[in-house]
Amino acid sequence: MKRSNENENDFRSKNNKKKRKIIDKEELIEKFLCSNFYIDKTLLIKDFIEEKSSIIRVIAPSGYGKTVNLNMLRYFFEMNYKDENNNENKKFFEKLNIAKETKDGESYIDLYQGKFPVVYINFDVILLEESFDETIENFKSFIQSLYNKYNIIIDNNIKIYEKEMIKKILDLNVNINNLVVSISILCKYLYNTFKKKIILLIDNYDSLILNSLNTTYFDKLYSFHQKLLTNIFENDSYIFKSFITDMDYLLQNGFIEKSIPKLSYFKMLKKEYINNRDIIWTLFIKCGYLIIADNDNIISNNKKLKIRNKEIKEFIKIKFSNWKNKFYKYFKYSEIIDLFIKNYDEEKIQEFLENSINKENYSPNEDLNNWYALIYSLLSLNNEYVIVTKNKYDEKNNIRELLYVHKDYLDRLNNNCDNNNNSNSNNSNESNKKNDQFNPYLSEIFYITINVVPEENRIKEGCIQALDDNEKFLFNGLELKNIYNKIIKFGISVYGNKCGVIYEINYGNKFKRKEMATKVYCGENYDDLYEKGYYFIDKTRMINKLIEKGNAVYLITRPRRFGKSLNLKMIQNFFEKHTKGDSKGNDVFDGLEVSKDRKNMRECHKYPVIYLNFKDNESKTYESAIMYLKSKISSQFKYQREKIDFKKLDTSDQKLWNKIENEEEDMNKLNESIHFLCQCLIEKKFYKRKCIVLIDEYDKILINSFENGYYEMFIGIVRSFFSNIFKGNEYLYFGIITGCLGLELKTFYSGLNNIHEHTLLSDHLFYDCYGFTESELKKFLSHFEIPLEEEDKIQKEYNGYSCGYGNRIIKNLYNPYSIMKFISNNKNKKDDHLFKNYWFSSWSDNILNKIIKENEFSFKKDFLSLLYGNVIIVEIKEILTLKKNYLKDEVWTVLLHSGYITLSDKEGYKQNIKEMDDQIVKLLQNLIKKYKNNQLNKHLENNMYYIKIPNNEIFNCFIAKLKESLKNEIKDDNYINNFINGLFNKDIDTINSNLNDYLTCLSQYHLFANEKDYENVYQVLLMQIFIFCKIYGLNAEKNNGSENCDDNLLHKECENAINQIIEKKYKMKHEKNGYSSFIIYGITFWKKTCRIEMKINNNDIKGPSESLKSNNNN
């Protein structure tokens, strides 16, 4: 029978799902019966028998017939255990070469075929699991199935010890010590049962060790493996021959010059020996993959190696790809690589590299090469990415560089990459074009620079130097910034077996942020802006400022709905380190202002961030407030637990952590809880950077405690809580506290000097980070196609806020919430835009109600003057104390910080006086010139500020509240309307009647609480009337001294008032503006009555009718 070679793949089982194919008896028989089998290797049987050594070990690459030959030996020697005289396998060997061989006149078939018990073991069928214990469970099942093949019968001929052991094995009730002796016991059992020596065949005996090299339990499995084999061979009196195969290989291709040391078979399976990288090349040569190109002496060093032939090259490609996939998937290297390409985790990358690097001492240059090889080998496992190396570099330099590119973007480098990793790259062009066509914003590349430093304490400095190296991003003659939109650069610095890792994000010269959607966002969660595609105003300049200033604690107060919460979430989103292996949120800040400085991006996603928001506190009692605080803190501990390896904490720390998380801590531990959390996160090196603490709406818990009567009990807890977080906390990078009011916060931190207050009174740092500027508004309107012609109306409604900045103010800040709501209701509308009081209607107005009611603001002349659009001068306290009744200057402080009034300046103050309407002011009998001069000569003293109503939205809010506060005083609103109509209709009786009726509605208290200030009272009353009717530009002057009067005096005073207007020629100004007809009114008040007379042009002065006078006198 003529036999020839056949492809190794023909020997693989059709149904076997294992990595390495196992040939069973049926398959072997099938091969024997086919017309084309294999080259006759049966003379191996003779060699096996004649070999003097009792243990024969064969090393050859995969596919070289080791398993086939081992099965051949098995079927030649193995006896029929049921009937020793009936040998079914003999017929398969009768026409092969072994049948021709004889010994002492007898054929080898007659002497040896079917004469021995055979134990065949293939270690490659034992699956490795996640843990050592799980792998051992697989080994137990493997041994059980091995025993079952021999139909073992437990009888009295077996020793008691062996009997017990066999029973345990068959019942899977064995421990690891039992497993060590399990194979030797099986061999002894067969030897004792059949009185014949055993042939032991072990296939792939090294696979357990090689496959577990990079597992956490390698040492345990290696020890077990050594004990198992030692136990088999230490007493081999029952073994006739042992035949062992293995496959020691690592795969590489191409030409390379390497040192070729001698190979010691006795050490080669020890992990520390395998970790000697030079021994790999010896193994490659021994296994037949490589040959020495220049000579055959494999003992000398620095030999040029090459792949033996094209067939092996293709074989290596397949095997190397499979090997990489196995490491990538089953040994969690995919998770490690994700630390580079998805969540950029510096700490975990550093931990992995330091745990993986060879611990032996090398020269600095060898150190660098070892780290470079480690990183290169790791990244090469991901077949979706390609490693690109420098075409030329000097190995003596202390720096190494490589690029890591997704195949979809590989052609951008014009295929200028390392061929070793460029598998399937020919298919990348079409994919890349498709990607660029539909999503041009995502092309990215990873740039890794590694350098070596002379001292361990200079590792961080070395990382920065690595990042700063090659700032132009030139690589192999190409400028990467002209090719890729995004370059994530890792600076890795090494010293011995220690390293540091820092990354930064850079953007290409043609990078363009994806166009924002046309959805308007009015919420406070920064994540929603990106995830749901909302339009937003870029305020990341605030992050720039925080990075620049560094370690500090900031108190930032702004009115509600001014972006405090949104900015805090933005800060959290930028600084907080990701701990999940995904890329969610990596591109949130791409193209925004903060990303324009690459050094800023070195801080992105690097820090532990602790965020507390007290906005939802509604606690009515002290006890419920404490439970609320515990709940908030507990939630933060639960959140942080998910981000760390909790088991690394000390037992005492775990215990305290659990108590806080379960809300079981006492008051002392509650106050220290956030400081303790910072300590745990940093001391245990979960993070290499310090903590950031963000507290939103801090004043809500204080105001709520005050309003519900437990402030005095609660303030001590809050003071201690805040002090422990921000005073002397060595684990704190920076902290931000936000709220509406500056409530004595500095008193919380006795001796704390680094707290910086940023309020509307003074903010030199974040003045443009809250509220929209005019340029931001223009972009907003343009994006949503709101005509710019509407800008004047929008300005009157929602503009007007100012912020102190040194000796000046920053003007024209728009209320962001009102603008967003306005855009939402009017986007893409060309006209008929809807203007509403969005900001005022978005919350409870209890504070304003209380101020107007308790402070009689409805009857305060300076307050009403504000409502006329005037700028006034008031005292504003920098520190506010919560109390039931505020002084006047404290009221202005509350109104300013709450957003109801805003700052003005001297320029605005002077302009306001200049624009006063003299004619209307004279309706109130004021001396306008004297008033203006007095006002202009005023000087600001300490804590004195110019203030005004910011815009129409706030004005309308005040009018509503003013009317509401007077509703109990004025039963009939028609008095006011009739009075105004009478003025315009020149009906002197209607004017007199309704104004007198209006006076009777007011209480004695409001009119006569201060008898020395009667005239001011009547000025206020008229100011109220004109405010209700939205007549602007009025001002009230000081009392002119008139006190007592009777009816004749009232008439005389009316005439004098009219004559004064004529004599002062106040109408001349209006005549120049085209007015020809004038109505002059003179009004005189006395207690709860008044008299009004009028003069129309040159006609006589006309007073009320006699009947009306009579009614008024009654």
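Every value quoted in this text rests on a predicted model; they were computed, and no experiment measured them. (Residues numbered from 1 in each chain as written. Predicted model: local features only at pLDDT ≥ 70, side-chain atom pairs only at ≥ 80, totals over all residues. Heavy atoms only, no water.)

Draft legend 1. Spatial organisation of the pairing of strand β4 (residues 118–122). Across the five residues that make up β4, a large majority, five, are buried. Residues V118, Y120 and N122 of β4 are buried on one face, and the alternating residues V119 and I121, pointing to the opposite face, are buried as well. When β4 meets strand β5 (residues 198–203), the two strands line up parallel, connected through five bridges. If you follow I121 over to β5, its bridge partner there is I202. (Buried < 20%, exposed > 50% of the residue type's maximum accessible area, 1.4 Å probe, protein only. Helix = DSSP H or I, 4+ residues; strand = E, 2+ residues; numbered from the N terminus. Pairing = 2+ DSSP bridges.)

Draft legend 2. Structural context of the side chain of E665. Mapped onto the elements, E665 comes out in the loop between α22 (651–661) and α23 (667–683). Within the buried core, E665 has no salt-bridge partner, and the shortest N-O distance to an opposite charge, that of K630, equals 4.8 Å. Discounting residues that sit within four places of it in the chain, E665 has contacts with K630, K659, I660 and L670. (Lys, Arg positive; Asp, Glu negative; His and termini not counted. Salt bridge = Lys/Arg side-chain N within 4 Å of Asp/Glu carboxyl O. Contact = heavy atoms within 4.5 Å.)

Draft legend 3. Quick peek at the packing of aromatic side chains. Within the structure shown, the criterion is met by 51 aromatic pairs. Ring centres of F575 and F734 lie 5.4 Å apart, and the angle between their planes is 75 degrees; this geometry places the pair in the edge-to-face category. Residue F575 is found in helix α20 (residues 564–575), and its partner F734 is found in strand β20 (residues 732–739); the two are separated by 159 residues along the sequence. The exposure class assigned to F575 is buried, which follows from its relative accessible area of 0%. A connected cluster of aromatic rings, assembled from ring pairs, spans Y526, F536, F574, F575, F589, Y607, Y733 and F734. Taking NZ or CZ as reference, K489 lies 4.9 Å from the ring centre of Y447, over its face. (Phe/Tyr/Trp six-rings, centres within 6.5 Å; stacked < 30°, edge-to-face > 60°. Lys NZ or Arg CZ within 6 Å of the ring centre and 35° of its normal.)

Draft legend 4. Spotlight on the sheet that holds strand β25 (residues 902–903). Spatially, the three strands line up as an open sheet ordered β24-β26-β25, and their pairing is antiparallel. The open sheet has two free edges, formed respectively by β24 (872–875) and β25, since each of these has just one partner strand. When β24 meets strand β26 (residues 944–948), the two strands line up antiparallel, connected through four bridges. Looking at β26, one finds that E875 is bridged to M944.

Draft legend 5. Representation of helix α25 (residues 711–726) in the model. Over its 16 residues, α25 runs 22 Å from end to end, which matches the ideal 22 Å to within 8%, given 1.5 Å per residue. Every buried residue of α25 is listed here: Y711, F714, I715, I717, V718, F721, F722, S723, I725 and F726. Positive phi shows up at G728, right after α25, with a value of about 65 degrees. (Expected span 1.5 Å × (residues − 1).)

Draft legend 6. Here's a closer look at α22. When α22 is considered as a whole, its buried residues turn out to be D653, L656, W657, I660 and E661. Across the axial projection of α22, the buried residues extend over an arc of 135 degrees, all falling on one side. Along α22, exposed side chains directed more than 90 degrees from the buried face belong to T651, S652 and K655. Elements in contact with the buried residues of α22: α21 (622–641) and α23. Positive phi appears at E663, one or two residues downstream of α22, with a value of about 60 degrees. (Arc of directions from axis to C-beta.)

Draft legend 7. Spotlight on the pattern of salt bridges. Inspection of the entire model under this criterion finds 36 salt bridges. The salt bridge partner of E576 is K643, with a shortest N-O separation of 3.9 Å. Of this pair, E576 sits in the loop between α20 and β18 (609–613) while K643 sits in the loop between α21 and α22, and the two are 67 residues apart along the sequence. According to the relative accessible area criterion, E576 is buried, its value standing at 9%. For K643, a relative accessible area of 15% puts it in the buried group. Residue D650 is joined to K684 by a salt bridge in which the shortest nitrogen-to-oxygen separation is 3.1 Å.

Draft legend 8. The side chain of S380, seen in detail. Relative to the assigned elements, S380 resides in the loop between α15 (364–379) and β10 (385–389). Side-chain polar atoms of S380 contact the backbone oxygen of S377, separated by 2.7 Å. (Polar contact = N/O pair within 3.5 Å; in protein donor to acceptor, adjacent residues only side chain to side chain.)

Draft legend 9. Highlighting the packing of helix α26 (residues 774–783) against helix α28 (residues 816–826). Between α26 and α28, whose axes approach to 11 Å, the crossing angle comes to 15 degrees. Comparing the axis directions of α26 and α28 gives the class roughly parallel. Crossing geometry of α26 relative to α28 is assigned as right-handed. Taking contact as the criterion, the partners of L777, F780 and L781 in α26 are, on α28, I819, M820 and I823. (Axes fitted to C-alpha atoms, helices over the stretch in contact; angles between N-to-C directions. Parallel < 35°, antiparallel > 145°, perpendicular 65-115°, else oblique. Left-handed = near helix turned anticlockwise from the far one by under 90°.)

Draft legend 10. Up close: unusual backbone geometry. Even without a glycine there, the phi angle at Y344 is positive, about 50 degrees. With respect to the helices and strands, the residue Y344 is situated in the loop between α13 (333–341) and α14 (346–356). We classify Y344 as buried; its relative accessible area is 3%. A positive phi angle, close to 60 degrees, is found at R561, a residue other than glycine. Its location among the elements puts R561 in the loop between β17 (552–557) and α20. Using a relative accessible area of 26% as the deciding quantity, one classes R561 as partly exposed.

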